[in-house]
Every structure is written in C-alpha cells, then in structure tokens.
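# Coordinates in review
Below are the chains, spelled out letter by letter.
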Amino acid sequence: MTRYARITGTGSCLPPRRLTNADMVSLLAQRGVETSDDWIVERTGIRARHFVADGVFASDLALQASRQALDAAGLPASDIDLIIVATSTPDMVFPSTATILQHKLGIAGCPAFDVQAVCSGFIYALTVADAMIRAGSASNALVVGAEIFSRLLDFNDRTTCVLFGDGAGAVVLRASDTPGILATDIHADGKHTGILCVPGHVSGGQVLGDPLLKMDGQAVFKLAVGVLEDTARAVLQKAGRTTEDIDWLIPHQANIRIMQGTARKLKLGMDKVVVTVDQHGNTSAASIPLALDHGVRQGQIRRGDTLLLEGVGGGFTWGSALLDF
Ligand code: UT7
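What comes next concerns the included structure. (Residues numbered from 1 in each chain as written. Predicted model: local features only at pLDDT ≥ 70, side-chain atom pairs only at ≥ 80, totals over all residues. Heavy atoms only, no water.)

### Details of empty space enclosed by the protein
Throughout the structure, instances matching the rule amount to 1 cavity of 30 Å³ or more. Looking at the largest cavity, its volume works out to about 30 Å³. Around the largest cavity sit Leu228, His252, Ala254, Asn255, Ile258 and Val312, which together line it. For the lining of the largest cavity, the class distribution of residues is 4 nonpolar, 2 polar and no charged. (1 Å grid on protein atoms, 1.4 Å probe; cavity = no way out; pocket = protein on both sides within 12 Å on 5 of 7 lines; lining within 4 Å. Points joined across faces, edges and corners; volume = space filled by probe spheres on them. Nonpolar A, V, L, I, M, F, W, Y, C, P; charged D, E, K, R; others polar.)

### Looking at the environment of Phe94
The residue Phe94 is located in the loop between strand S4 (82-86) and helix H4 (97-104) in this model. A C-alpha to C-alpha distance of 33 Å links Phe94 and Val296, two positions 202 residues apart in sequence. (Helix = DSSP H or I, 4+ residues; strand = E, 2+ residues; numbered from the N terminus.)

### Observations concerning unusual backbone geometry
With omega at 0 degrees, the peptide bond leading from Pro179 into Gly180 counts as cis. Structurally, Gly180 is set in the loop between strand S7 (166-176) and strand S8 (181-188). Here the residue pair Gly315 and Phe316 is connected by a cis peptide bond, since its omega of 0 degrees sits within 30 degrees of zero. A positive phi angle, near 50 degrees, is found at Val118, a position not held by glycine. Relative to the elements of secondary structure, Val118 occurs in the loop between strand S5 (112-115) and helix H5 (121-134). Val118 sits in the buried class, given a relative accessible area of 19%. (Buried < 20%, exposed > 50% of the residue type's maximum accessible area, 1.4 Å probe, protein only.)

### Brief notes about the environment of Gln300
Its location among the elements puts Gln300 in the loop between helix H10 (287-297) and strand S14 (306-313). On the basis of relative accessibility, which here comes to 30%, the residue Gln300 falls in the partly exposed class. When the C-alpha atoms of Gln300 and Leu82 are compared, they prove to be 29 Å apart, with 218 residues separating the residues in sequence. Setting aside chain neighbours within four positions, we find Gln300 in contact with Trp248, Val274, His294, Gly295 and Asp305. (Contact = heavy atoms within 4.5 Å.)

### Description of the nonpolar core
Ranked by internal contacts, the top residues of the largest apolar core, which has 33 residues, are Leu126, Val143, Leu173, Ile250, Leu307 and Leu309. Residue contributions to this core peak at 7 residues, all from H5. Viewed by domain, this core spans two of them, domain 1 (4-178) and domain 2 (182-324), each represented by three or more residues. In this view, Val143 contacts Ile84, Phe122, Ala125, Leu126, Ala129, Gly169, Ala170, Val171 and Leu173; residues no more than four positions away in its chain are not counted. Counting residues in hydrophobic clusters, the runner-up holds 32 residues, among them Val33, Ile40, Ile195 and Met259. (Core = buried A, V, L, I, M, F, W, Y, C linked by side-chain atoms within 4.5 Å. Domains from an automatic or database assignment.)

In structure tokens form, the structure reads like this:
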C-alpha cells in the first residue's frame, strides 16, 4: 500500500497590532520618509500588516498556530512525532525555534528542527516532512511557518518597510493510504544572494554588517514571475495533473501583481487564487500556511480540493507542492 502525507488540520496566528497603510504613512513621516496608501496599494496590493509587540517571538506565534492546527486535526500534541519550523527570524541563533516550540507544546523526544529557505521555507519544510512520512520515519508531523519580519525592517527604506508583516501558519501532516501531497518541487540558486538578504551576522558578542533587510525589488520581481511558472508546471507534470485540475492556487503573498502574473501564465482566473497579501503583507515563510488556513476557515477551500502551493524568496529559493486537501 502506498504511503502518503495528508494535511488533516490547519491553523494560523496574527499578532493583534494591525497597521494600515495610513498608519505606515504616519510612522514613516516621523522619520521624514514619504509614502502613500495609493503607492502601496497600486504597486503591491497591500492594505495592512500585523506587527508583534516587544517580547513576542516566532515560537509564540508558532505555538498559537500549532494549537489551532492540532485542534482542527483532532490530534493531541503528544501524538506529534516530527516538528519542522520554517523561519528566517528564529527566537535565538540557536537552539532552533522548533525545539523551543516543542517545549512550549509540552512534548519531548520527537525530532524538531528549523528550515531556512526564507519565503520558500514552508514549501521546503512541507517537502521534507512529506518525504519523511512517505519513508516511514514519521507519521504525525507539525509543519509551521513563523516569522517576525518587523524586526528586520529599515523604517528609513520605504522600498522595503511597507511590504512585510509578522505571523505564523501551521499544518498537521499525517500518514495516510490516500493522497495527500501528490508531488513537490524545490530549487535554489545561490548566485542571487545579494538581491534579497539580511547581511548582518553575530561575531564576538557583536552584530557585524547590516542586520536589516535589503532587497532589489525589481530583480526579485522578474525572477519570481519566471520561476513560479516553471515550478508550477514541473510539479503538475510530476503528479500527472494539468492546470485544469487546480481548484486553488495558494501562492506566497508578496505582491498581488506577481500573483496575477502567475495566474495569467497558468491560465487561472483570480477567483481560483487565495489572496491575503492585502491584509497580511508579506510574512515570508508564514504567508502560504496563513493563506491556506484563511482559505479553509473562510470556507473557500474544501476537503477534496486540489491545491497548488508555491513560494519564492531569498537565496534565491523557489518551489511548489501539489496536494489533494
Ligand atoms: O518575499 C520574497 C519575494 N519578494 C518579492 O516578491 C518582492 C518583489 N518586488 C516587488 O514586489 C516590487 O518590485 C516592489 C513592490 C518592491 C517595488 O515595486 P516597483 O513597481 O518595482 O517599484 P520600483 O522599485 O520600480 O520603484 C518605483 C518608484 C521609485 O521612484 P522613482 O525612482 O520612479 O522616482 C521608488 O522610489 O516608486 C518609489 N517608491 C515608493 N514610493 C512611495 C518605492 N517605494 C515606495 C513607497 N512609497 N513605499
């Protein structure tokens, strides 16, 4: 009997502090930096984002999202036998946010580790969990994307600081004899490190280099649109499906124009795309599981639907997962 990995529950968490574009306009004006609601909406589709309060860490958001996903799956935390957290904003340099989350969930013993693939992190984490479940090394995995990008933002750089937000999303992935994840497809090309990075690092008790996010938006935009189409077609081919089989496209939520471009190339109407970028901004590795949970809780996504999840981000990394929900 073929062994598959199936999503049996989803959850998410957004910190309560919500900043609209008007709030960002005032925040930036205090620094003499000019932006506008019109520019942000027109160029990105973003209207609001959530920022954490001081003292809140990625594991706190991950914990709330995980508890919701476990509730939805009807699974006690003690049954989890694998935890993977996708994050670029871990609580600490080490140990991993996954081990901190494990302890906060009140469990011990199962493997727990982080995956660092920036905005593609959730797709990478799902790919690893799927492979481990199919290989028989795990049966009940918790896969989380959790990010606090607000702490990496340079509020003097209007080209980046209006784009990102904080949040977490989680799924429970269980072994099953019915699919499940049909295929995954992940890639990286390290020559593009410089177009999206946080170059700082810890050394000798200090942060050396700039610890704030840098992005060449146009270069990222151009690469993103190309690789997102490629990976979508590749994952469909691996699964022996076509674009017509897709009920919902759940893309990384960075920019509505990238999502529209991808949908157009795949000949999918925007009515088949889950969009949360307007309310969440870009939450990096959290954006896909946040959008998935949003779609499920809004009643858009139903059991049996075929979902195409896809992400792209720093590294450069990109990838996709095709699944029957
Ligand atoms: O999560 C990982 C993946 N990340 C992405 O996918 C992001 C990809 N890139 C993008 O989404 C877009 O490139 C941005 C939203 C970052 C920028 O949009 P754009 O249409 O590429 O704008 P641009 O960088 O070409 O800038 C156009 C103008 C510039 O002014 P000039 O030089 O034409 O006078 C900018 O200075 O817009 C100006 N500008 C702003 N104006 C008001 C840039 N940021 C702002 C701002 N408010 N916040």
